[in-house]
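Listed here are the chains, written in short residue letters.
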Protein chains: 2
Amino acid sequence: MKRTAFFISDGTGITAQALGQALLAQFETIDFERITLPYIDSVEKAQNVVARINRTADTDEGSPIIFDTIVNSEIRSVIRTSQGYMIDIFGTFLEPLEMELKHKSSYTVGKSHSITGSERYSERIAAMNFALENDDGARTRQYSDADLILVGVSRSGKTPTCIYLALQCGLKAANYPLTDDDILDQKLPKVLQPYRDKIFGLTIDVDRLVAIRNERKPNSRYASVKQCMYELQEVELMYQRERIPHINSTHYSVEEIATRILMETGIERRVR
Amino acid sequence: MKRTAFFISDGTGITAQALGQALLAQFETIDFERITLPYIDSVEKAQNVVARINRTADTDEGSPIIFDTIVNSEIRSVIRTSQGYMIDIFGTFLEPLEMELKHKSSYTVGKSHSITGSERYSERIAAMNFALENDDGARTRQYSDADLILVGVSRSGKTPTCIYLALQCGLKAANYPLTDDDILDQKLPKVLQPYRDKIFGLTIDVDRLVAIRNERKPNSRYASVKQCMYELQEVELMYQRERIPHINSTHYSVEEIATRILMETGIERRVR
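Just so it is clear, the model here is predicted, and its values are computed rather than measured. (Residues numbered from 1 in each chain as written. Chains lettered and ligands numbered in written order. Predicted model: local features only at pLDDT ≥ 70, side-chain atom pairs only at ≥ 80, totals over all residues. Heavy atoms only, no water.)

A. Expanded view of the packing of helix 8 (residues 206–216) of chain A against helix 9 (residues 225–241) of chain A. Residues and elements named next belong to chain A. In the contact formed by helix 8 and helix 9, the axes pass within 9 Å of each other and the chain directions differ by 125°. Of the possible angle classes, the one that applies to helix 8 and helix 9 is oblique. Crossing geometry of helix 8 relative to helix 9 is assigned as right-handed. Facing helix 8, whose interface residues are V206, L209, V210 and R213, helix 9 presents V225, Q227, C228, M229, E231 and L232. (Axes fitted to C-alpha atoms, helices over the stretch in contact; angles between N-to-C directions. Helix = DSSP H or I, 4+ residues; strand = E, 2+ residues; numbered from the N terminus. Parallel < 35°, antiparallel > 145°, perpendicular 65-115°, else oblique. Left-handed = near helix turned anticlockwise from the far one by under 90°. Contact = heavy atoms within 4.5 Å.)

B. Representation of helix 1 (residues 14–24) of chain A in the model. The buried count for helix 1 of chain A comes to eleven of eleven residues, which makes it a mostly enclosed element. Buried within helix 1 of chain A we find I14(A), T15(A), A16(A), Q17(A), A18(A), L19(A), G20(A), Q21(A), A22(A), L23(A) and L24(A). (Buried < 20%, exposed > 50% of the residue type's maximum accessible area, 1.4 Å probe, protein only.)

C. A look at the pairing of strand 3 (residues 65–68) of chain B. All names here are of chain B. Across the two faces of strand 3 the burial is the same, with I65 and F67 and I66 and D68 all buried. Here four bridges tie strand 1 (residues 2–8) to strand 3, and the two strands are oriented parallel to one another. Looking at strand 3, one finds that F7 is bridged to F67. Two strands pair when backbone bridges link them, and strand 3 and strand 4 (residues 85–88) are joined in this way by four bridges, in the parallel orientation. Among the inter-strand pairings, D68 is bridged to a residue of strand 4, identified as D88. A crossover connection joins strand 3 to the parallel strand 4 through helix 3 (residues 73–80); in handedness this β-α-β unit is right-handed. (Pairing = 2+ DSSP bridges. Right-handed = clockwise from strand over helix to strand, strands pointing away.)

D. Representation of the nonpolar core. Formed by 51 residues in total, the largest nonpolar core has its most connected members in L165(A) and L165(B). Apart from the residues lying within four places of it in its own chain, the contact partners of L165(A) are L148(A), G170(A), L171(A), A173(A), A258(A) and L262(A). Judged by nonpolar contacts, the second largest core, of 40 residues, contains F90(A), A22(B), F93(B) and L97(B). (Core = buried A, V, L, I, M, F, W, Y, C linked by side-chain atoms within 4.5 Å.)

E. Representation of the relation of the copies chain B and chain A in the model. Between chain B and chain A, which share one sequence, the superposing operator has a rotation angle of 180° and an axial displacement of 0.0 Å; the RMSD is 0.0 Å. With respect to symmetry, the two chain copies, as superposed, fit the operation of a two-fold axis. A shared binding surface is used by both copies, with 100% of the interface residues of chain B retained as interface residues in chain A. (Least-squares fit on C-alpha atoms with pLDDT ≥ 70 in both.)

F. Looking closely at the environment of Q17(A). Along the chain, the position of Q17(A) falls in helix 1. Among the residues examined, Q17(A) registers a relative accessible area of 7% and is labelled buried. Sequence separation between Q17(A) and V254(A) is 237 residues; the distance between their C-alpha atoms is 19 Å. Among residues more than four places away in sequence, those in contact with Q17(A) are F7(A), T36(A), R269(B) and R272(B).

G. Representation of the pattern of salt bridges in the model. Residue and element names in this part refer to chain A. Inspection of the entire model under this criterion finds 28 salt bridges over all chains. A salt bridge links R76 to D88; the shortest N-O distance between them is 3.4 Å. With R76 in helix 3 (residues 73–80) and D88 in strand 4 (residues 85–88), this residue pair connects regions lying twelve residues apart in the sequence. Residues R76 and D88 agree in their burial class; the two are buried. Taken together, the shared-partner salt bridges in this structure form one network comprising K2, E33 and D60. (Salt bridge = Lys/Arg side-chain N within 4 Å of Asp/Glu carboxyl O.)

H. Seen up close, the UniProt feature "binding site: ADP" (unreviewed entry) in chain A. Residue and element names in this part refer to chain A. The feature "binding site: ADP" (unreviewed entry), as annotated in UniProt, sits at G152, V153, S154, R155, S156, G157, K158 and T159 in this numbering. Within the fold, G152 resides in strand 5 (residues 148–152). According to the relative accessible area criterion, G152 is buried, its value standing at 0%. Residue contacts for G152: discarding those within four places in its chain leaves K158, Y176, P177, L178, L202 and Y239. Tracing the backbone through its elements, the reader meets S154 in the loop between strand 5 and helix 6 (158–169). Under the relative-accessibility criterion, S154 is labelled partly exposed at 23%. Excluding residues that lie within four positions of it along the chain, S154 makes contacts with L178, L209, R213 and Y222. (UniProt positions renumbered as here; feature names shortened; annotations may be inferred.)

This is the structure in structure tokens:
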């Protein structure tokens, strides 16, 4: 059965999409075609959207589902004339929220992912630059500025996690790879010792590490079961000896790894 | 007036937060303390959350606002006993959606940002690695694999945009800096010519570029008004001569730049 979901917004559509995906994930047997329509910020554009939704309705086996975060109620009411089934987020929640908060909504268009509040935005970009400059142990002299220093063996998930923490949370996350040299004595490397409060460890299952490393350097010593097992064992022993908080990244997405790190360390996001 | 907003989820809380932020952005005069509580996936954890919400309610000047994406209705009903005002996303929309789709919801916990659908997840990570390896013109031999090649003068926003496109859309985005050497003859650099269909340009206002470059290299020729103006003029002329689609990034966040690029090029996200 083919059905279509539209994510429609006067801004980027990111919120409409996030909400829509969360709801559609509950209906995994239905195969939705997903279409995001950002910047629908005029009646004319809305009318074109209605035409498109109606064309889809004619060929699909059920009404298109519409998830919208359009703030302007005039534009929203145009969308409502379509043959789609509308999950109308602002229409549903804004009025009750106005009552509860005893304030009128400002009906400002598409703010969630805009640059306004530019201080916050520049924090995200600064954090991103920090993550890139302090990736893979490239530098250590900025560690005093770091909110967090991720450690772990090569390819355990440090870099994507640091970049996610920078981009989405505005946190300055450095990462330092634990190599053969570092793990010989199961002690925290000297360069990290002054910052032990900021250090968080990643580990990963051997099979997964072998698979990831083999994609990069097939049949190398680096990707061998023996080497991967050795590195992981030593690093995990080091985490225990040095009481470094750590998680196993094998079954987690970067979003989940980041969320768990923030939960365990109590580090607060700088932006949301 | 101090009020508190809770974003509560049995998963990462990212969806609850995105939706809550979008709604709260409509009440900009109210200063909300924002608290995300992820992984509330048991009745016991929910009871602790209720206690926390009620303590907040006692000290705040109005009820805490709760945005939740908890799928399990038993856990949700525990949260509902709190003194908070609940914007209950699944409670509001899941049943009507079940009726419309004529399917039962699977009531699966916190899927939106999990690693399941691992093919898709590994595409995101592969895209991220691609963006990092092909940052700043570091390599050009992988350009045939790129979905997109961003060009622009140094510090016009290429790198954060590429990383965002990789992480959030699963797209392989390379970026190539246009330097003095490249822009002498206002032609597309030779190395880019085979890939002109993939090329998208960024530009930026002079003042903003001067400010950003001065943060990096204060009082340098690189950061001078004269040099920035020269580079931007030449690059914009090149975009026009070579008909390279382009946007001005000055007033846009990475989310907005990425959304506009996808809109203008028609490139489809690989993941959502």
